[in-house]
Amino acid sequence: MPYTVDFENVSTVGLESSPVAETLAGLRANEARYYRNKYHHVFSVSPASEVPEVVDRVSRILRDERDIVIGSRPLEATAFEVDGLRMAYVFYESGLSVNVMYSVEDGGKRAVGFKLADGMEIPEELAPRFKFARQKSKLAGVIRGSYFVIKGEY
């Protein structure tokens, strides 16, 4: 059952098993606020077990593009289209958020983004490959993020 993320009253619903549930909820709310403000899109998520196709697509892109396999359990996922971009998100138990931005138009922007909830360590599968920039968020504390450009067709 989908859950509409409320960025005014941040909740850990669906994320309770994460050791950084509070800051992961803030990170998820930060994404919801961004999409609401920029695209007037209501950000909702489903338990990962209910949308395996989203988790599988994100996992496939990570594996095919960079030979990355996320070791943490996926808790929630979502996929939607806004302004010519196909977006997919997976929120993991460790506090990691992975998003795939894939432009519908040929030659458009296509990238994978990683965001780490405040309080989590950089996952070992990402640590040697990426540098993480810091960004402050009222909802999520300090968010560390990185990305890479998608080369293949998905």
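Higher on the page you've got the structure.
Residues numbered from 1 in each chain as written. Predicted model: local features only at pLDDT ≥ 70, side-chain atom pairs only at ≥ 80, totals over all residues. Heavy atoms only, no water.

J.: Sorry, what's going on with the overall build of the protein chain here?
T.: Summing up its helical and strand segments, the protein chain has 2 helices and 8 strands in all. Helices and strands appear in the protein chain in the N-to-C order β-α-β-α-β-β-β-β-β-β. On C-alpha atoms alone, the protein chain measures out to a radius of gyration of 14 Å, which is about the 15 Å that the 2.2 N^0.38 rule sets for 154 residues. By principal-axis analysis of the C-alpha atoms, the protein chain measures approximately 40 × 35 × 30 Å. Considering the protein chain as a whole, with its 154 residues, one finds that 48% of them fall into the buried category. (Helix = DSSP H or I, 4+ residues; strand = E, 2+ residues; numbered from the N terminus. Rg over C-alpha atoms; globule rule 2.2 N^0.38 Å. Buried < 20%, exposed > 50% of the residue type's maximum accessible area, 1.4 Å probe, protein only.)

J.: Sorry if this is basic, but what is going on with the side chain of Arg28 here?
T.: With respect to the element layout, Arg28 can be found in helix α1 (residues 21-39). Among all residues touching Arg28, those that are not within four sequence positions of it are Tyr3, Val5, Ser11, Thr12, Val13, Leu15, Phe43, Val45, Glu76 and Phe91. (Contact = heavy atoms within 4.5 Å.)

J.: Sorry, what's going on with the pattern of salt bridges here?
T.: Between side chains of opposite charge, pairing is possible as soon as their charged atoms come close. This structure, assessed with the given rule, holds 7 salt bridges. Here Glu93 makes a salt bridge to Arg73, at a shortest N to O gap of 3.1 Å. Taken as a pair, Glu93 in the loop between β4 (85-92) and β5 (96-103) and Arg73 in the loop between α2 (52-66) and β3 (74-82) lie far apart in primary sequence, 20 residues in all. A salt bridge links Glu153 to Arg110; the nearest nitrogen and oxygen atoms lie 3.3 Å apart. With Glu153 in the segment after β8 (141-149) and Arg110 in strand β6 (residues 110-116), the pair connects residues that are 43 residues apart, well separated along the chain. Exposure remark for Arg110: the relative accessible area of 9% places this residue in the buried category. Put simply, Asp106, Arg110 and Glu153 are held in one network by salt bridges that share partners. (Salt bridge = Lys/Arg side-chain N within 4 Å of Asp/Glu carboxyl O.)

J.: Help me understand the sheet that holds β5, please; the structure alone is not making it clear to me.
T.: Pairing between sheet strands relies on hydrogen bonds along the backbone, with the strands arranged either parallel or antiparallel. Overall, antiparallel pairing links the 8 strands, which are arranged β1-β2-β3-β4-β5-β6-β8-β7 in an open sheet. In the strand order of this sheet, the two ends are held by β1 (3-4) and β7 (133-137), each with one partner. Both β7 and β8 contribute to a ladder of 5 bridges, which runs antiparallel. Within β8, the position partnered with Ala133 by the bridge is Gly145. Running at roughly 165° to β4, α1 makes contact with β1, β2 (44-47), β3, β4, β5, β6, β7 and β8 of the sheet. Contacts between α2 and the sheet are confined to β3, β4, β5, β6 and β8, with β4 contributing the most and set at about 95° to the helix. (Pairing = 2+ DSSP bridges. Axes fitted to C-alpha atoms, helices over the stretch in contact; angles between N-to-C directions.)

J.: Looking at this structure, I do not really get the packing of aromatic side chains. What am I missing?
T.: Aromatic rings in a pair are described by how distant their centres are and how their planes are angled relative to each other. What the rule picks out here adds up to 14 aromatic pairs. Both rings, one in Phe43 and one in Phe80, keep their centres 5.8 Å apart while their planes meet at 80°; by these two values the pair is edge-to-face. Taken together, the positions of Phe43 in the loop between α1 and β2 and Phe80 in strand β3 put the pair 37 residues apart, joining distant regions of the chain. As far as burial versus exposure is concerned, Phe43 and Phe80 are alike and both buried. Between Phe114 and Phe148, the aromatic rings sit 6.1 Å apart at their centres with planes inclined by 40°, giving tilted as the arrangement. Of this pair, Phe114 sits in strand β6 while Phe148 is found in strand β8, placing the two residues 34 residues apart along the sequence. Given the relative accessible area of 3%, Phe148 is considered buried. Ring pairs connect the aromatic residues Tyr34, Tyr35, Tyr39, Phe43, Phe80, Tyr89 and Phe91, which therefore count as one cluster. Taking NZ or CZ as reference, Arg110 lies 4.0 Å from the ring centre of Tyr102, over its face. (Phe/Tyr/Trp six-rings, centres within 6.5 Å; stacked < 30°, edge-to-face > 60°. Lys NZ or Arg CZ within 6 Å of the ring centre and 35° of its normal.)

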